[in-house]
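Observations on the model geometry
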Amino acid sequence: MKPLDGMVVVSLEQAVAVPYATRLLADLGARVIKIERPGKGDFARDYDTSCGTVSSYFAWTNVGKESVVVDLKHASGAAIVANLIARADVVMCNLSPGAARRLGLDADSVRAAHPRLVVAKLSSYGEGGPYSERKAFDALIQSETGLVATTGSGPWMARAGISVADIAAGVQLHAAVLAALVRRGRTGEGATLRLTLMEALAEWMHQPALYANGTGTAPARHGAHHPTIAPYGPFLCGDDESVHLAVQNDGQWRRLCGLAALPGLADDPRFATVTARVANRDELHAELQPFFTSTTADALLSALDTSDVPAARTREVGELTAHPQLTARERWSKVSVPGGTVPMLRPPVDTDGWEWSAAAVPDLGAHTDEVLSWLDYPASRIAELREQGAIG
């Protein structure tokens, strides 16, 4: 038995953050009923067509869900959602605060009608404050929280290569829902959870913010190299492959110097401490590079492993689905998507408490009739609702 078997999650969601949170709940056994609008549904379906007929974002964040197409502005469509909410354990939403209020789906209204519900609401910046009416998406939040300014190289800033604000929000919302369900199991009380994209990523920006606050200087941009530790980053080897070093303390630094046959560097005042190595980063790299150039990535990694110096190969993202470690541990499964199948990773936490199985990514409206039947709508009424345009 999975921990959330029997739990019903109704989600008015689109894009990435809330869909990722509900996908994590689905992995734990929850029945996630995804409400999509008539026509094209969740706009993330069409970001690209790399996974059958849907986007990579949509495939990743919608495994194991049921898709129901409902027109929320149609009276009969609104009634369907109200009936679903009445049978739910969790309601999740990333509609704008104004849209949710107009539809009667704001957290306060839903909780007033159903006090035992766990209601989770995600917004861009939250209500109150000068940004309360401003729309935001992942890259904008990366900019507002300083992530873009701390990423890149030299004068050039860069967006993080993944939707890290959305992921931060999804992970934190998922954890909060689980905590609220545990609390409800003990007290019988529901909960209203409110999270903003900005505050979710701001939480993850604590370390550089504290560094800047304490030193008066923001961490410098050094590309893939660590801003406050050295040598910590990718180095090109003689075979044009890169090895990523992570030398975090003086013991590792001394072992690297011994391996490179440069023992004098270990006690050189320019490089004797982490702080000194960061201050003299360019000189440090110049001293080490001839050693890296003299060997191959495979040989260097083997030698670093033997010397207990942390390192990894710098790989292209396209290599991930064939990564030897993930392959050896059988982490990839085939998942059905509209128009085909794609490789999808198993949940990263293994347990002996329940089994995970690969579930499909739903086609638009694939479960509308099934869910309405579960709500005791007869087939004749379902056909009538479809004719009226209340469902799709």
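A brief report on the enclosed structure follows. (Residues numbered from 1 in each chain as written. Predicted model: local features only at pLDDT ≥ 70, side-chain atom pairs only at ≥ 80, totals over all residues. Heavy atoms only, no water.)

Let us look at the pairing of strand β2 (residues 31-36). Counting buried positions along β2 yields 5 of 6 residues, so the element is predominantly enclosed. Between strand β1 (residues 8-12) and its parallel partner β2, the chain crosses via helix α1 (residues 17-27), and the hand of that crossover is right-handed. When β2 meets strand β3 (residues 66-69), the two strands line up parallel, connected through 4 bridges. Across the sheet, the residue bridging to K34 is S67, located in β3. Read from β2 through helix α2 (residues 56-61) to β3, the crossover connection turns out right-handed. (Buried < 20%, exposed > 50% of the residue type's maximum accessible area, 1.4 Å probe, protein only. Helix = DSSP H or I, 4+ residues; strand = E, 2+ residues; numbered from the N terminus. Right-handed = clockwise from strand over helix to strand, strands pointing away. Pairing = 2+ DSSP bridges.)

Let us now look at the nonpolar core. Of all hydrophobic cores here, the largest spans 35 residues; its most connected members are M92 and V177. Looking at this core, the elements with two or more residues in it are α1, β4 (90-93), β5 (118-123), α8 (164-187), β8 (191-196) and α9 (197-204). If you tally residues by element for this core, the top one is α8, at 8 residues. Counting residues in hydrophobic clusters, the runner-up holds 30 residues, among them I33, V68, L72 and L385. (Core = buried A, V, L, I, M, F, W, Y, C linked by side-chain atoms within 4.5 Å.)

What follows deals with the sheet that holds strand β9 (residues 232-236). Read across the open sheet, the 3 strands follow the order β9-β10-β11; overall the sheet is antiparallel. For this open sheet the edge positions go to β9 and β11 (311-313), each flanked by a neighbour on one side alone. Neighbour to neighbour, the strand axes of the sheet diverge by 25° on average, direction disregarded. Two strands pair when backbone bridges link them, and strand β10 (residues 242-246) and β11 are joined in this way by 3 bridges, in the antiparallel orientation. (Axes fitted to C-alpha atoms, helices over the stretch in contact; angles between N-to-C directions.)

Another aspect to go through is the packing of aromatic side chains. Scanning the entire structure with this criterion turns up 8 aromatic pairs. An angle of 85° between the planes, with centres 5.5 Å apart, marks the rings of Y47 and Y57 as edge-to-face. Placement of the pair is Y47 in the loop between β2 and α2 and Y57 in helix α2, with a sequence separation of 10 residues. Consider the rings of F291 and F292, whose centres lie 5.6 Å apart with planes at 50°: the pair is tilted. In this structure, F291 and F292 share a single accessibility class: buried. Among the aromatic residues, those joined into a ring-pair cluster are Y20, F43, Y47, Y57 and W60. Residue placement shows R87 over the ring face of W374; its charged tip is 4.1 Å from the ring centre. Taking NZ or CZ as reference, R134 lies 4.2 Å from the ring centre of Y131, over its face. (Phe/Tyr/Trp six-rings, centres within 6.5 Å; stacked < 30°, edge-to-face > 60°. Lys NZ or Arg CZ within 6 Å of the ring centre and 35° of its normal.)

A few words on helix α11 (residues 250-259). By the burial criterion, the buried members of α11 are Q252, W253, L256 and C257. Burial along α11 is one-sided: seen end-on, the buried residues are contained in an arc of 140°. In this fold, the buried residues of α11 make contact with β10, α12 (263-266), α13 (274-279), α14 (281-293) and α15 (297-306). For α11, the side-chain oxygen to backbone nitrogen distance between the N-cap and G251 is 3.1 Å, and the N-cap itself is N249. Looking one or two places after α11, you find A261, whose phi comes out positive at around 60°. (Arc of directions from axis to C-beta. Contact = heavy atoms within 4.5 Å. Polar contact = N/O pair within 3.5 Å; in protein donor to acceptor, adjacent residues only side chain to side chain.)

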